[in-house]
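Each chain is listed here by its residues.
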Amino acid sequence: MSESLIRGAVVPPRDDITPEAFDRAHGTTVKNELLWRLSRESYGDDYPDEVEPWGMTTWWTLGQFIAGLRVGPGQHLIDLACGRAGVGLWLARASGAQLTGVDWSPAAVSAAIARAPLLIPGERASFVVGDLAATGLPSGTADGVVCADAVFFATDRVAVFTEMARILRPGGRFVFTADESDDPERDSAVPDWGPIIRAGGLSVVGRVEIPHWREDLQRMYDTWLANIDELREGLDEESMDDLIGEATTVGPTLSQRTGVLYIAART
């Protein structure tokens, strides 16, 4: 099937999805304990404190990542769009794998470098500035790649999977979380990631719907909005606009979205 016929394969770029926007987010939120506290309140016992995700990544998700990736000691794990690398560092510690984190935000990479020694020995982790579809990593050197809630930020989604097919060794796996939706009002909606994965040169090994994904995310958005005055005291105006914008634009569409976890592989 032609990429042009795969819905959601290529989408228009968004002005608010830039390295500078993520630099701002990582530069301010990392200093604001309130966001982590609100996430804990939203997700309860499912919230993995050491990872400190902004949301969506839970103990269930981490378990699925471990099972899907199948990486172990001495193997090479890539955390794609790693942010502060909480997910990648936790997985590297749990599996014994060597970690490379990739993010297009220099502020995120700096934060990940500072955070790494708290979770694993320094020689087992490295971080680079790179893009979802252009990591800059050598071909065929990754045993597994994980990407938590970021694949959809790419404008050319097929190119992301083409890049994964390039950097993975034969048999290596790419495990990612995203959402699927057939909402005709959103140009960026992806009703099925399968055709995009296959167009990029990977095979689909598995797909599972994330339990109570929609309800958990809505609860987090509601918690943000309920604590808006307190958040304003710790965040700059642009960061607040980002949070409010996500809560008020994504929240109303959640009924038409399904959170999914995919396992793809290079054959």
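Everything discussed here concerns the structure shown above.
Residues numbered from 1 in each chain as written. Predicted model: local features only at pLDDT ≥ 70, side-chain atom pairs only at ≥ 80, totals over all residues. Heavy atoms only, no water.

Visitor: I'd like to hear about the overall build of the chain, residue by residue, with values.
Guide: When helices and strands are tallied, the chain shows 10 helices and seven strands. Its C-alpha atoms give the chain a radius of gyration of 17 Å, near enough to 18 Å, the size a compact globule of 267 residues would have. Taken over the C-alpha atoms alone, the chain extends approximately 50 × 45 × 30 Å along its principal axes. By residue count, 52% of the 267 residues in the chain fall in the buried class. A fraction of 75% describes how many contacts in the chain between residues 6 or more apart in sequence connect residues 24 or more apart. Within the structure as shown, the chain displays about 11,500 Å² of accessible surface, and the carbon and sulfur contribution to it stands at 53%. Across the chain, the 23 positively charged side chains and the 40 negatively charged ones have centroids separated by 7 Å. (Helix = DSSP H or I, 4+ residues; strand = E, 2+ residues; numbered from the N terminus. Rg over C-alpha atoms; globule rule 2.2 N^0.38 Å. Buried < 20%, exposed > 50% of the residue type's maximum accessible area, 1.4 Å probe, protein only. Contact = heavy atoms within 4.5 Å. Areas by Shrake-Rupley, 256 points an atom, 1.4 Å probe, with all protein chains shown as cover. Lys, Arg positive; Asp, Glu negative; His and termini not counted. Charge placed at Lys NZ, Arg CZ, Asp CG, Glu CD.)

Visitor: I'd like to hear about unusual backbone geometry, residue by residue, with values.
Guide: Keep in mind that most residues, glycine aside, have a negative phi and that most peptide bonds are trans. A positive phi angle, near 60°, is found at Arg70, a position not held by glycine. Relative to the helices and strands, Arg70 is located in the loop between α3 (59-69) and β1 (76-80). The backbone of Ala81 shows a phi angle near 55°, a positive value even though the residue is not glycine. Mapped onto the elements, Ala81 comes out in the loop between β1 and α4 (86-95). Overall, the relative accessible area of 25% leaves Ala81 in the partly exposed class.

Visitor: Could you give an account of α3, naming the residues involved and the relevant values?
Guide: Inspection of α3 places Thr61, Leu62, Phe65, Gly68 and Leu69 among the buried residues, and these make up the whole buried set. Looking down the long axis of α3, one finds its buried residues gathered within 135° of arc, a one-sided arrangement. For α3, the secondary structure elements touched by its buried residues are β1, α4, β4 (142-148), β5 (168-180) and β7 (258-265). In the segment just after α3, Arg70 is the residue with positive phi, at about 60°. (Arc of directions from axis to C-beta.)

Visitor: Help me get a handle on helix α5 (residues 106-115), residues and values and all.
Guide: For α5, the complete set of buried residues consists of Ala108, Val109, Ala111, Ala112 and Arg115. For α5, the angular spread of buried residues about the axis comes to 165°, placing them on one side.

Visitor: Lay out the packing of helix α2 (residues 33-43) against helix α8 (residues 213-226) with the relevant residues and their values.
Guide: Contact geometry for α2 and α8: axes closest at 9 Å, N-to-C directions at 135°. When the axes of α2 and α8 are compared, the pair comes out oblique. Like other packed secondary-structure pairs, α2 and α8 cross with a definite hand, here right-handed. On α8, the residues touching Leu35, Leu38, Ser39, Glu41, Ser42 and Tyr43 of α2 are Asp216, Leu217, Arg219, Met220, Thr223 and Trp224. Its residues placed into classes, the contact of α2 with α8 shows six nonpolar, three polar and three charged. (Axes fitted to C-alpha atoms, helices over the stretch in contact; angles between N-to-C directions. Parallel < 35°, antiparallel > 145°, perpendicular 65-115°, else oblique. Left-handed = near helix turned anticlockwise from the far one by under 90°. Nonpolar A, V, L, I, M, F, W, Y, C, P; charged D, E, K, R; others polar.)

Visitor: Break down the sheet that holds β5 for me, with residues and values.
Guide: Strand order in the open sheet made by the seven strands is β3-β2-β1-β4-β5-β7-β6, with mixed pairing throughout. Either end of the sheet is taken by a strand with one partner, and the two such strands are β3 (125-129) and β6 (203-209). Averaged over all adjacent pairs, the angle separating strand axes in this sheet is 15°, with direction ignored. Bridging between strand β2 (residues 98-103) and β3 involves five bridges; their strand directions are parallel. Following the sheet pairing, Asp103 is matched in β3 by Val129. Contacts between α4 and the sheet are confined to β1, β2, β3 and β4, with β1 contributing the most and set at about 165° to the helix. Here α5 sits on the sheet and contacts β2 and β3; the angle it forms with β3, its principal contact strand, is near 170°. (Pairing = 2+ DSSP bridges.)

Visitor: Explain the nonpolar core to me, and be specific about the residues and the numbers.
Guide: Core analysis: the largest hydrophobic core is formed by 46 residues, its most contacted members being Phe65, Leu89, Phe127, Trp224 and Leu231. The contact partners of Trp224, leaving out residues within four places of it in the chain, are Leu35, Leu38, Leu231, Leu243, Glu246 and Ala247. Grouped together as the second largest cluster of nonpolar side chains are 31 residues, Ile78, Ala154, Met164 and Val190 included. (Core = buried A, V, L, I, M, F, W, Y, C linked by side-chain atoms within 4.5 Å.)

Visitor: So what's going on with the pairing of β1? Residues and values would help.
Guide: Of all five residues that make up β1, five are buried, and the element is covered over most of its length. Burial along β1 is two-sided: the residues His76, Ile78 and Leu80 and Leu77 and Asp79 are all buried. One ladder, built from five bridges, connects β1 with β2; its direction is parallel. What sits directly across from Asp79, in β2, is Gly101.

Visitor: Account for the pattern of salt bridges, naming residues and giving values.
Guide: Under the definition given, this model contains 14 salt bridges. Its salt-bridge partner being Asp143, residue Arg169 comes within 2.7 Å of it at the nearest N-O pair. Taken together, the residues Arg169 in strand β5 and Asp143 in strand β4 connect sequence positions 26 residues apart. We classify Asp143 as buried; its relative accessible area is 16%. Here the residues in one salt-bridge network are Asp179, Asp183, Arg186 and Arg257, joined through shared partners. (Salt bridge = Lys/Arg side-chain N within 4 Å of Asp/Glu carboxyl O.)

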